Amino acid sequence: MEIRQLRYFVAVAEMQSFTKAAKMLFVSQSALSQQLGKLEDETGLHLVDRTTRAVSLTDVGKKVLPSVRHILREVDNLASIDEASSGLLLDGRHEVRIGFDLRGMYNRDLRHTITDSLFKLRALVPDLHVSFAALNHENLVSELEDGRVDLGFFLHQDRRLHGSNALEVKYLGQDEMVIAIRSAEDVGEGPDAARHVLRKHDVCLLDRESTGSYQSIKIFEELGVEPRLYFASSRESMLMLLDSGECASVLPRGVILRHDRSNVRTIRLDMGDATLYWLAAWHKDGDSRIIDAILDAISCREDLFFA
């Protein structure tokens, strides 16, 4: 049993809706339902009756709810005591410099989670000053190693950052590279469909993003195709070219899932070279208190990353 499962139960009880509770908690509806199911399995208690239109507590759920609320109040009281005594309440000026590699910039929900956590931290760190940077992969690694960036976020084809012994690296989640094309007709699935699209269409990649281009070329080699390549100066211009039907593209699946355009087709490749990993990295000698608070906020979100 986990504290978050108890919070999910209370939210569902109060909202009487999985949809509304999920929005309030900033989690996906499926994740909410799954965790509540785990709570019922682990306790052996049937807490909620689910129908297509409504959610209601069972008699057992109604009896349990006051106790769960009491437990959560005590947990929150302990948390507030811990915050006051843990040393996170810092005096003086504190600067936090956060960097994203160019592929990692697309995840708006991740960016919002980070900035929301920083906003809340200002109550504990009154003189907190924050700056942000978007850099290519190599430059971001260098800035972290030299201490010019405190915390960096990467979308990388490896779960490690090679040659960076000075850095701590934490795995956050996964994504994958897909072939994308705007087409009024179904383009099929799998490597054969990808080969057909790549032989028929030019391909646009993101300029200055060397790791993404290298990964795309490895995918082309594994598929046995050599498409003609164009490079867009920004992700926005690349997506506009894709939306206009000018070319195909190779990009993270999470970009397309958040890109609300009709007839944009994606082809999943089901190959190791297409896998992407979300990573956070920071210098081993850095002040971990603020970094830990940001990473804790990210770990509480189950819907930030796609796979």
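Under an unreviewed UniProt entry, the name given to the protein chain is Transcriptional regulator, LysR family, and the source organism is Olsenella uli. Regarding the protein chain, the relevant UniProt record gives this comment under Sequence similarities (unreviewed entry): "Belongs to the LysR transcriptional regulatory family."

**Details of the overall build of the protein chain**
Scanning the protein chain from N- to C-terminus turns up eleven helices and eleven strands. Seen through its C-alpha atoms, the protein chain measures out along the principal axes to roughly 65 × 55 × 30 Å. Across the protein chain, contacts joining residues at least 24 apart in sequence account for 76% of those joining residues at least 6 apart. When the accessible surface of the protein chain is split by element, carbon and sulfur atoms take 48% of a total near 16300 Å².

**Brief notes about the environment of Ile256**
Position of Ile256 relative to the elements: it lies in helix H10 (residues 253-257). For Ile256, a relative accessible area of 10% corresponds to the buried category. Counting along the chain gives ten residues from Ile256 to Thr266, while the straight-line C-alpha distance between them is 7.7 Å. Dropping the residues within four chain positions of it, Ile256 is found in contact with Ala180, Leu242, Leu251, Val264 and Thr266.

**What about the nonpolar core?**
Ranked by internal contacts, the top residues of the largest apolar core, which has 59 residues, are Ile98, Leu110, Ile114, Phe153, Ile294 and Ile298. Domain assignment of the residues forming this core places at least three in each of domain 2 (94-174 + 276-300) and domain 3 (176-275). Formed by 21 residues, the second largest nonpolar core is a distinct cluster that contains Leu6, Ala13, Ala21 and Val48.

**Considerations on unusual backbone geometry**
Phi is positive for Asn263, which is not a glycine, with a value near 65°. Tracing the chain through its elements places Asn263 in the loop between H10 and strand S10 (264-268). Relative accessible area serves as the criterion here: at 37%, Asn263 is assigned to the partly exposed category. In the Ramachandran plot, Asp270 falls in the positive-phi region, its phi being about 55° despite a non-glycine side chain. Within the secondary structure, Asp270 is located in the loop between S10 and strand S11 (275-283). By relative accessible area, Asp270 is classed as exposed at 77%.

**A few points about the pairing of strand S4 (residues 128-135)**
Relative to S4, strand S3 (residues 94-101) runs parallel, the two being bridged by eight bridges. Paired with Asp101 across the two strands is Leu135, which belongs to S4. For the crossover from S3 across helix H5 (residues 108-121) to S4, the handedness is right-handed.

**Topic: the confidence of the model for the protein chain**
A low pLDDT score tells you not to read the predicted coordinates there in detail. Residue-level pLDDT values for the protein chain average 85, and 91% of them are 70 or greater. pLDDT under 50 marks residues 80-87. Its contacts with residues more than four places away, or in other chains, come to three contacts.

**So, the environment of Arg265**
Structurally, Arg265 is set in strand S10. In this structure Arg265 comes out as partly exposed when scored by relative accessible area, which is 24%. Once the C-alpha coordinates of Arg265 and His129 are considered, the two residues, 136 residues apart in sequence, prove to be 42 Å apart. In contact with Arg265, other than residues within four places in its own chain, are Ile179, Ala180, Ile181, Ser183, Ala184, Glu185, Asp186 and Val187. Only 3.0 Å separates the side chain of Arg265 from the backbone oxygen of Ser183, close enough to count as a polar contact.

**Remarks on the packing of aromatic side chains**
All chains considered together, the criterion is met by four aromatic pairs. Summarising the aromatic geometry, the rings of Tyr171 and Tyr277 are spaced 6.2 Å apart at their centres and angled 65° between planes, so their arrangement reads as edge-to-face. With Tyr171 in strand S6 (residues 167-182) and Tyr277 in strand S11, the pair connects residues that are 106 residues apart, well separated along the chain. Given the relative accessible area of 32%, Tyr171 is considered partly exposed. Geometrically, the ring pair formed by Trp278 and Phe305 is tilted, given 5.4 Å between the ring centres and 40° between the ring planes. Taken together, the residues Trp278 in strand S11 and Phe305 in the segment after helix H11 (288-299) connect sequence positions 27 residues apart. You'll find Trp278 and Phe305 in the same group, each marked buried. Members of the aromatic cluster, joined through ring pairs, are Tyr106, Trp278 and Phe305. Just above the ring of Tyr171 sits the side chain of Arg159; from NZ or CZ to the centre is 3.7 Å.

Each value, and the rule that gives it
- Residues numbered from 1 in each chain as written.
- Predicted model: local features only at pLDDT ≥ 70, side-chain atom pairs only at ≥ 80, totals over all residues.
- Heavy atoms only, no water.
- UniProt positions renumbered as here; feature names shortened; annotations may be inferred.
- Helix = DSSP H or I, 4+ residues; strand = E, 2+ residues; numbered from the N terminus.
- Contact = heavy atoms within 4.5 Å.
- Areas by Shrake-Rupley, 256 points an atom, 1.4 Å probe, with all protein chains shown as cover.
- Buried < 20%, exposed > 50% of the residue type's maximum accessible area, 1.4 Å probe, protein only.
- Core = buried A, V, L, I, M, F, W, Y, C linked by side-chain atoms within 4.5 Å.
- Domains from an automatic or database assignment.
- Pairing = 2+ DSSP bridges.
- Right-handed = clockwise from strand over helix to strand, strands pointing away.
- pLDDT = per-residue confidence, 0-100.
- Polar contact = N/O pair within 3.5 Å; in protein donor to acceptor, adjacent residues only side chain to side chain.
- Phe/Tyr/Trp six-rings, centres within 6.5 Å; stacked < 30°, edge-to-face > 60°.
- Lys NZ or Arg CZ within 6 Å of the ring centre and 35° of its normal.

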